[in-house]
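So you can see what is in the structure, the chains are spelled out below.
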Amino acid sequence: MELWEMINRQGMQFISLDTWLREGIDIAFSTRIGGVSKGVYNSLNLGLHVGDNSDLVLENRRRWLSIFGAGLDDMVACEQVHGSEVKRVNRMHRGKGARKLSEVILNCDAMITNEPGIYLVSFYADCIPVYLYDPVNRAIGMSHSGWKGTMQKISVNTLLAMQQEYNTGIEDVYIFLGPGIGPCCFQIQPDLLAKVEAEFNSFHDIINISENNLITWDLLETSRQLLVQAGVNPLKISACNLCTACHEDYFYSYRRDSGNTGRMGALIGMKY
Ligand SMILES: [Zn+2]
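Computed from a predicted model, the values in this text were never measured in an experiment.

It is worth spelling out the coordination of the zinc ion at this point. Looking at the zinc ion, the protein donor atoms are Cys184 (SG), Cys185 (SG), Cys243 (SG) and Cys246 (SG), and they sit 2.3 to 2.4 Å from it. Around the zinc ion sit four donor atoms; with metal-centred angles ranging over 103 to 117 degrees, the donor geometry is tetrahedral. Each donor residue of the zinc ion belongs to the same chain, with the gaps between them written as C-C-x57-C-x2-C. Placement of Cys185 in the loop between β10 (174-177) and β11 (187-188) and of Cys246 in the loop between β14 (237-239) and β15 (264-270) is noted, with a sequence separation of 61 residues between them. A residue is classified by how much of its surface remains accessible, and Cys185, at 27% relative accessible area, is partly exposed. Cys246 sits in the partly exposed class, given a relative accessible area of 44%.

Listed below in structure tokens is the structure:
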């Protein structure tokens, strides 16, 4: 189990893992600190699709990628449709979705690569970012796992895609589960509870029902148990349990802000 840390660099603060950085894996989850956007997007909004001024978003993206010496042409972004498709990307895809929404990789929520110098990027305001790293075959993955993606086991699909494409051994893979909406704040209705219980009937401690019959679902813990069930070594899974809805100083939250908010970015790339 590796511990995450909050790193300050070039006026920005981001969450990272020193153990991965030392192996040449650039990994970060941004906070809202250190950008140029205003109002509800204050300040490091990285989402082009949320109504913010796109020139400001591109400046934020440039700043953020620069923490690793990268630029817009080094990143690739996907559409994020809350689905279960995984895309293998290579240097041909560099820059896709960096400047224009219309250029993202369509109909896809996860990306994998084994090529250095490509930054897999996705955007968040409560969903769970799942980072994957295979140190044996030098391959990485990034999986956008909101509640719909979690129901469709997107993180396991990403793992299996790495196994198929790069001969990744499931037991070799390291996982980092980034910040998302926590069990303190992710309240759900009885109809969704029924689906969660049907899908994850062998899981433990993922649902809490309070004395007032408020139902909450632990998305991060669900992803953790999904990955362990798929064969990932539990000792190789680490997580940041900060709740995006609880920490307004650090994070945008779709739930807390009633949809009118910015996006954090999750990024992973191999230096070599
Ligand atoms: Zn919370």
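The next point concerns the sheet that holds strand β4 (residues 75-77). Spatial strand order, β1-β2-β3-β15-β7-β4: six strands in an open sheet with mixed pairing. Unpaired on one side and paired on the other, β1 (5-9) and β4 mark the two borders of the sheet. Strand-to-strand twist of the sheet, defined as the mean angle between neighbouring strand axes without regard to direction, takes the value 30 degrees. Here five bridges tie β1 to strand β2 (residues 12-16), and the two strands are oriented antiparallel to one another. The residue bridging Met6 from the neighbouring strand is Ile15, located in β2.

The next subject is the environment of Val40. When you line up the elements, Val40 lands in the loop between β3 (25-30) and α2 (54-65). Val40 sits in the partly exposed class, given a relative accessible area of 37%. C-alpha separation for the pair Val40 and Asn212, spaced 172 residues apart in sequence, amounts to 32 Å.

Time to look at the packing of helix α4 (residues 154-166) against helix α6 (residues 219-229). Where α4 meets α6, the closest approach of the two axes is 9 Å, and the angle between their N-to-C directions is 35 degrees. Crossing of α4 against α6: the hand is right-handed. Along its contact with α4, which presents Ser155, Val156 and Leu159, the element α6 presents Ser223, Leu226 and Leu227. For the contact of α4 with α6, the per-class residue count stands at four nonpolar, two polar and no charged.

Spatial ordering of the open sheet is given by β5-β6-β9-β8-β10-β14, a layout of six strands whose pairing is mixed. Where the open sheet ends on each side, the last strands, each with one partner, are β5 (86-88) and β14. Within this sheet the neighbouring strands show an average axis-to-axis angle of 15 degrees, counted without direction. Bridge count for strand β8 (residues 128-134) against β10 is four bridges, and the pairing is antiparallel. Counterpart to Leu132 in the pairing with β10 is Ile175. Its contacts with the sheet put α4 on β5, β6 (110-113), β8 and β9 (139-145), and the angle it makes with β9 is roughly 160 degrees. Packing against the sheet, α6 makes contact with β8, β9, β10 and β14, and its axis sits at approximately 165 degrees to β10.

A word on the pattern of salt bridges. In the structure shown here, the tally under the stated rule is 11 salt bridges. When the shortest N-O distance is used, the salt bridge between Arg63 and Glu59 registers 3.1 Å. Of this pair, Arg63 and Glu59 both sit in helix α2, four residues apart, which is roughly one turn of that helix. By relative accessible area, Glu59 is classed as partly exposed at 28%. Note that Arg99 is salt-bridged to Asp73, the shortest N-O span being 2.8 Å. Taken together, the residues Arg99 in the loop between β5 and β6 and Asp73 in the loop between α2 and β4 connect sequence positions 26 residues apart. On the basis of relative accessibility, which here comes to 40%, the residue Arg99 falls in the partly exposed class.

Here is what the cut-offs are and how they apply
Residues numbered from 1 in each chain as written. Predicted model: local features only at pLDDT ≥ 70, side-chain atom pairs only at ≥ 80, totals over all residues. Heavy atoms only, no water. Donors = N, O, S within 2.8 Å, 3.2 Å for Na, K, Ca; no water. Tetrahedral: all angles 85-135°; square planar, octahedral: opposite > 155°, others 65-115°. Helix = DSSP H or I, 4+ residues; strand = E, 2+ residues; numbered from the N terminus. Buried < 20%, exposed > 50% of the residue type's maximum accessible area, 1.4 Å probe, protein only. Pairing = 2+ DSSP bridges. Axes fitted to C-alpha atoms, helices over the stretch in contact; angles between N-to-C directions. Left-handed = near helix turned anticlockwise from the far one by under 90°. Contact = heavy atoms within 4.5 Å. Nonpolar A, V, L, I, M, F, W, Y, C, P; charged D, E, K, R; others polar. Salt bridge = Lys/Arg side-chain N within 4 Å of Asp/Glu carboxyl O.

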